[in-house]
Every structure is written in structure tokens, then in C-alpha cells.
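Structure assessment
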Amino acid sequence: MGAVTGTTTAETGPKQARSRVTRRHLLEAAVSCLAEHGWAGSTVSVVAERAGVSRGAAQHHFPTREDLFTAAVEYVAEERSTALRDLFQAGPAARPAVVEALVDLYTGALFRAALQLWVAASNEEQLRPRVTELEARVGRETHRIAVELLGADEAVPGVRETVQGLLDMARGLGLANVLTDDEARRARVVAQWSRILDAALG
């Protein structure tokens, strides 16, 4: 009896590891598909093919399309938040570097995927509450990270709104970047916001 239990446990470890790898591949493939093809062109089958797994395997991990894509955007957002914290492990850093890193959160495949999800949610009733809740959660976490890295004291009047303004500006630059990559203008805006933050945060 003990031998059977031992065998089952030994088999479970590699199986769980494979399951985690498959899940990660599906999530990463889903973000790429959403960024490249939009909601209409991103189906579970397309994602499964890109991830190199069967549609059945994909649906085992994510029973619905909504499950897959909301989980994908959340997963990559968490990965990027971790990477952002890792950039500044020592705590508050030079503000221009922090502002630039925060702006970078709103460019690239993740932001494009999130944008496609927002647009789809405006037309898909079953998707809207999930995306609304996801966006609120990601937004709160990004705000917390920004406050931490900027060394901002939100007990001071106006500081919270200044940090939120920075994130709103970063999101606006991200939207502009969807159509044209104007790196020079973005650099000037980042520099100006760094000066504004120095004046507002002390």
C-alpha cells in the first residue's frame, strides 16, 4: 500500500510541474494573440495552437474564453509589477528612472492586450464585470508600487492626486504609442513629469 502511495506522489510532482508550464505558455500566448489580433481574432483554439497544446488542454486550465484572457492579462501584469519592484530593490530611487519605468508599463504587448480587453468589455456583457474588477485591482497595485518607489507621502495634501496624475499621463502615452512610437516626445514628457514630482513631493 505504501509503495503505491509513494509512486503516486512521485508521479504527481512532475505532472504538476508540467501543468504549471502549460498554464504559463497559454497565458503568455493569450496576451500575444490579444495584442496582435484583438478580441475578435483571438480564440481559445488560436491561443492553444500558439502555445503548442491541444484545445482540450487549454479548456482544462481555462473553461471559458473570458477565463483565459482575463487570467492572461492579470498574470502578465503581476509579472511586470514584480520586475518593476526588482529594478528598484533598494527602495526609493531617482525619480526620472522611476517615472520612465512606470511609463514603460503602458507600452508593449501587455498594454495592447489590456486595451483590446477593455474594448471588448465595452461590448461584451459577460466580460465587462471581470475586466472592470481586474483593471481596478491592477490599478491599485500599480499605484501602491508608484508611491513606494517615488517615496511619496500620501498624508500630504495633493500627493495622492499627483501620483495618480502621473499614472494617468503614463496611460495616455501608452495610448498614443499604439499608433505611433514617438520616443523623443515621450522622453521630454517624462523629464517634465520628473520635475513636477520633485516640486510636488519634495
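A brief structural summary.

Re the packing of aromatic side chains
Aromatic rings considered in pairs are described by the distance between their centres and by the relative angle of their planes. In the structure shown here, the tally under the stated rule is 3 aromatic pairs. Each member of the aromatic cluster is reached from another via a ring pair, and the members are Y106, F111 and W118. Sitting over the ring of W39, R65 keeps its end group 3.9 Å from the ring centre.

What to know about the pattern of salt bridges
If you walk through the whole model with that rule in mind, you get 12 salt bridges. The closest approach of N and O atoms between R50 and E36, which form a salt bridge, is 3.0 Å. Highlighted residues: R50 in helix α2 (residues 44–51) and E36 in helix α1 (residues 2–37), separated in sequence by 14 residues. Take R50: its relative accessible area is 41%, and that puts it in the partly exposed class. Within the structure, one salt-bridge network assembled from shared partners comprises R85, E141, R144 and E148.

As for the side chain of R186
Locating R186 in the fold gives a position in helix α9 (residues 183–201). Taking the relative accessible area as the measure of exposure, R186 reaches 15% and is therefore buried. Ignoring anything within four residues of it in the chain, the contact list for R186 reads V103, L173, N177 and D181.

Observations concerning helix α8 (residues 159–179)
The terminal C-alpha atoms of α8, which comprises 21 residues, lie 32 Å apart, in line with the 30 Å expected from a rise of 1.5 Å per residue. Listed in full, the buried residues belonging to α8 are V159, T162, V163, L166, L167, M169, A170, L173, G174 and N177. Relative to the axis of α8, the buried residues are bounded by an arc of 155 degrees and lie together on one face. Counted as exposed and oriented over 90 degrees from the buried face of α8: E161 and L179.

What counts, and at which threshold
- Residues numbered from 1 in each chain as written.
- Predicted model: local features only at pLDDT ≥ 70, side-chain atom pairs only at ≥ 80, totals over all residues.
- Heavy atoms only, no water.
- Phe/Tyr/Trp six-rings, centres within 6.5 Å; stacked < 30°, edge-to-face > 60°.
- Lys NZ or Arg CZ within 6 Å of the ring centre and 35° of its normal.
- Salt bridge = Lys/Arg side-chain N within 4 Å of Asp/Glu carboxyl O.
- Helix = DSSP H or I, 4+ residues; strand = E, 2+ residues; numbered from the N terminus.
- Buried < 20%, exposed > 50% of the residue type's maximum accessible area, 1.4 Å probe, protein only.
- Contact = heavy atoms within 4.5 Å.
- Expected span 1.5 Å × (residues − 1).
- Arc of directions from axis to C-beta.

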